[in-house]
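Residue-level listing of the chains:
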Amino acid sequence: AQAAVAFEAAITAAQKTAPELPLVEEIAAAVVAHGRAADAMASLDTVRGQPGAHVCAAALLAACYAAGDSGVTDVMIDDELAAAAPELPGSALALRRLERRARKAGASERRELAAELDALAHAAAGEGMSAVDRARLHFLRAGLYEDDPETRDRAEDASSNGLAF
């Protein structure tokens, strides 16, 4: 019950100001872990179209997907992330979208993704990205680099950068 109340509070807060995405994700994961995903979805239905709704929906769908909910697809999550872009400026959403693409990427796409992550890391250097997201960014880069013999040497540097956060 407390997780559901926390999620409702996150929805309310997201309507007033850009939410801290890692916090919303943690709350959504707790909601799903405590079996309250349906309640959270019902709460979201009441605020569809309002500021912050897409960010909260994306976090909840991602948590459901991670918990094995077969009713949630990558497309559903990516659609919510794309719709949330105007609600949450900065690199956090772009990072989530790139993470989702990297999970399914073939060998030819991995090099392109690594270049996009390099550009994101450069752009994020001047913004207030959370330490958790900075670590995620560097570890994702390291994972892509280590699979390509031409960039394998860069994997250790990226991993070390991730550990710094």
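The rules we used
- Residues numbered from 1 in each chain as written.
- Predicted model: local features only at pLDDT ≥ 70, side-chain atom pairs only at ≥ 80, totals over all residues.
- Heavy atoms only, no water.
- Helix = DSSP H or I, 4+ residues; strand = E, 2+ residues; numbered from the N terminus.
- Rg over C-alpha atoms; globule rule 2.2 N^0.38 Å.
- Buried < 20%, exposed > 50% of the residue type's maximum accessible area, 1.4 Å probe, protein only.
- Contact = heavy atoms within 4.5 Å.
- Axes fitted to C-alpha atoms, helices over the stretch in contact; angles between N-to-C directions.
- Parallel < 35°, antiparallel > 145°, perpendicular 65-115°, else oblique.
- Left-handed = near helix turned anticlockwise from the far one by under 90°.
- Nonpolar A, V, L, I, M, F, W, Y, C, P; charged D, E, K, R; others polar.
- Phe/Tyr/Trp six-rings, centres within 6.5 Å; stacked < 30°, edge-to-face > 60°.
- Lys NZ or Arg CZ within 6 Å of the ring centre and 35° of its normal.
- Lys, Arg positive; Asp, Glu negative; His and termini not counted.
- Salt bridge = Lys/Arg side-chain N within 4 Å of Asp/Glu carboxyl O.
- Polar contact = N/O pair within 3.5 Å; in protein donor to acceptor, adjacent residues only side chain to side chain.

Student: Please clarify how the overall build of the protein should be interpreted in this entry.
Tutor: Secondary structure assignment for the protein yields nine helices and zero strands. Beginning at the N terminus, the succession of helices and strands in the protein can be written as α-α-α-α-α-α-α-α-α. Here the C-alpha radius of gyration of the protein, 16 Å, is about what a compact globule of 165 residues would show, namely 15 Å. Expressed as lengths along the three principal axes of its C-alpha atoms, the size of the protein is roughly 50 × 35 × 25 Å. For the protein, the residues scored as buried account for 44% of the 165 residues in total. Nonlocal contacts in the protein, meaning residues at least 24 apart in sequence, comprise 59% of its contacts between residues at least 6 apart.

Student: Sorry, what's going on with the packing of helix H7 (residues 107-124) against helix H8 (residues 131-146) here?
Tutor: A packed helix pair is summarised by two numbers, namely the angle formed by the two axes and the spacing between the axes. Across the interface, H7 lies against H8 with an axial gap of 10 Å and an inter-helix angle of 155 degrees. In terms of orientation, H7 lies roughly antiparallel with respect to H8. At the point where H7 passes H8, the crossing takes the left-handed sense. Residues Arg110, Leu113, Ala114, Leu117, Asp118, Leu120, Ala121 and Ala124 of H7 lie in contact with H8, whose contacting residues are Arg134, Leu137, Leu140, Arg141, Gly143, Leu144 and Tyr145. Partitioning the contact of H7 with H8 into residue classes produces 10 nonpolar, one polar and four charged.

Student: Would you mind showing me how to read the packing of aromatic side chains here?
Tutor: Between two aromatic rings, the relevant description is the distance of the centres plus the angle of the planes. Under the criterion given, the structure shown has zero aromatic pairs. Between Arg100 and the ring centre of Tyr65, over which it is positioned, the NZ or CZ distance is 5.1 Å.

Student: Can you walk me through the side chain of Glu87 in this structure?
Tutor: Along the chain, Glu87 falls in the loop between helix H5 (74-84) and helix H6 (92-104). For the buried Glu87, which has no salt bridge, the nearest side chain bearing the opposite charge is Arg48, at an N-O separation of 8.5 Å. A polar side-chain atom of Glu87 sits 3.4 Å from the main-chain amide nitrogen of His54. Sequence-distant contacts of Glu87, that is, excluding residues within four places in its chain, are made with Ala18, Gln50, Pro51, Gly52, Ala53, His54 and Val55.

Student: Can you help me understand H6 in this one?
Tutor: Note: α-helices contain 3.6 residues per turn, so residues at a spacing of three or four share the same orientation. Along H6, the residues classified as buried are Ala92, Leu93, Leu95, Arg96, Leu98, Glu99, Arg100 and Ala102. Buried residues along H6 sit against helix H2 (21-33), helix H4 (53-66), H5, H7 and H8.

It is worth stressing that arrangement in space is one thing and function is another; only the former is reported here.
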